[in-house]
Structures are given as C-alpha cells and as structure tokens.
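Structural overview
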Amino acid sequence: MQEYIRKRVLDISNYILESGATVRQAAQVFGVSKSTVHKDITERLPTINKRLASQVKKILENNKAERHIRGGEATRKKYQENAE
C-alpha cells in the first residue's frame, strides 16, 4: 500500500472516531468519494489497525442505524419551510 493511501486511511478513521461523522461527511471533508471512504474503512483499515477498524465500524453501524431518522427530519424540515 502506498504511503499516501495509508495516511489517508488513518486520517479518515481518526476523523470519524473523533467526530462521529458519516461516510458522506468524511468524504466531503477529505475531498474523496464515498466509495473511497468506504473502501478505506472496510478493506484497508483492518490490514493496518484491527482495533481502530472495529472502533470505526461501531460508529458507522450506529450512523447506518440512525440514517432513517435523519432522513425523516430533513423531509419534515423541508415541508415546514415550504408551508411557511
């Protein structure tokens, strides 16, 4: 693995761990695609640091479990703004 990829994987992982960010948010901050973030976290990170990978995986699983709530809130807010 090239060094810049290894550094990006660790940087993204630490960012998600500290902020609780979603894959989409992390991708936007680091200027890469969601696919890249997902591949970095699910495939590359476990080969670099298994413990960090399991911690980040828990956060991403939690984000995935909550995403239907965030989507509902966004829709509700959209229609409230249109009604006013």
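Overview of the structure.

Criteria and cut-off values
Residues numbered from 1 in each chain as written. Predicted model: local features only at pLDDT ≥ 70, side-chain atom pairs only at ≥ 80, totals over all residues. Heavy atoms only, no water. Phe/Tyr/Trp six-rings, centres within 6.5 Å; stacked < 30°, edge-to-face > 60°. Helix = DSSP H or I, 4+ residues; strand = E, 2+ residues; numbered from the N terminus. Buried < 20%, exposed > 50% of the residue type's maximum accessible area, 1.4 Å probe, protein only. 1 Å grid on protein atoms, 1.4 Å probe; cavity = no way out; pocket = protein on both sides within 12 Å on 5 of 7 lines; lining within 4 Å. Points joined across faces, edges and corners; volume = space filled by probe spheres on them. Nonpolar A, V, L, I, M, F, W, Y, C, P; charged D, E, K, R; others polar. Salt bridge = Lys/Arg side-chain N within 4 Å of Asp/Glu carboxyl O. Expected span 1.5 Å × (residues − 1). Bend = angle between axes of the 7 residues up to and from the residue.

The next subject is the packing of aromatic side chains. Tallied over the full model, the rule gives one aromatic pair. With centroids separated by 5.6 Å and ring planes inclined at 75°, the aromatic side chains of Tyr15 and Phe30 adopt a geometry described as edge-to-face. Here Phe30 lies in helix α2 (residues 23-30) and Tyr15 lies in helix α1 (residues 3-19), a separation of 15 residues in the sequence. Of the residues examined, Phe30 reaches a relative accessible area of 30% and is grouped as partly exposed.

Turning to the layout of surface pockets, a few remarks are in order. Estimates place the volume of the largest pocket at around 490 Å³. What lines the largest pocket is a set of 17 residues, and nearest its centre among them are Val23, His38, Leu60, Glu61 and Lys64. Taken together, the elements giving at least two residues each to the lining of the largest pocket come down to α2, α3 (34-48) and α4 (50-83). For the lining of the largest pocket, the element with the highest residue contribution is α4, accounting for nine residues. Residue composition of the lining of the largest pocket, grouped by class: five nonpolar, five polar and seven charged.

On to the environment of Lys64. Here Lys64 lies in helix α4. For the pair Lys64 and Thr22, spaced 42 residues apart in the sequence, the C-alpha separation amounts to 8.4 Å.

Next up on the list: the pattern of salt bridges. Per the stated rule, a full pass over the model turns up five salt bridges. Residues Asp11 and Lys7 are paired through a salt bridge, measuring 2.8 Å at the closest nitrogen-oxygen approach. Of the two residues, Asp11 and Lys7 both sit in helix α1, four residues apart, roughly one turn of that helix. Close ionic contact of Asp40 with Arg8 constitutes a salt bridge, the shortest N to O distance being 2.8 Å.

This brings us to α3. Taking 1.5 Å as the rise per residue, α3 with 15 residues should run 21 Å; its terminal C-alpha atoms sit 20 Å apart, in good agreement. The axis of α3 is deflected most strongly, by about 35°, at Asp40.

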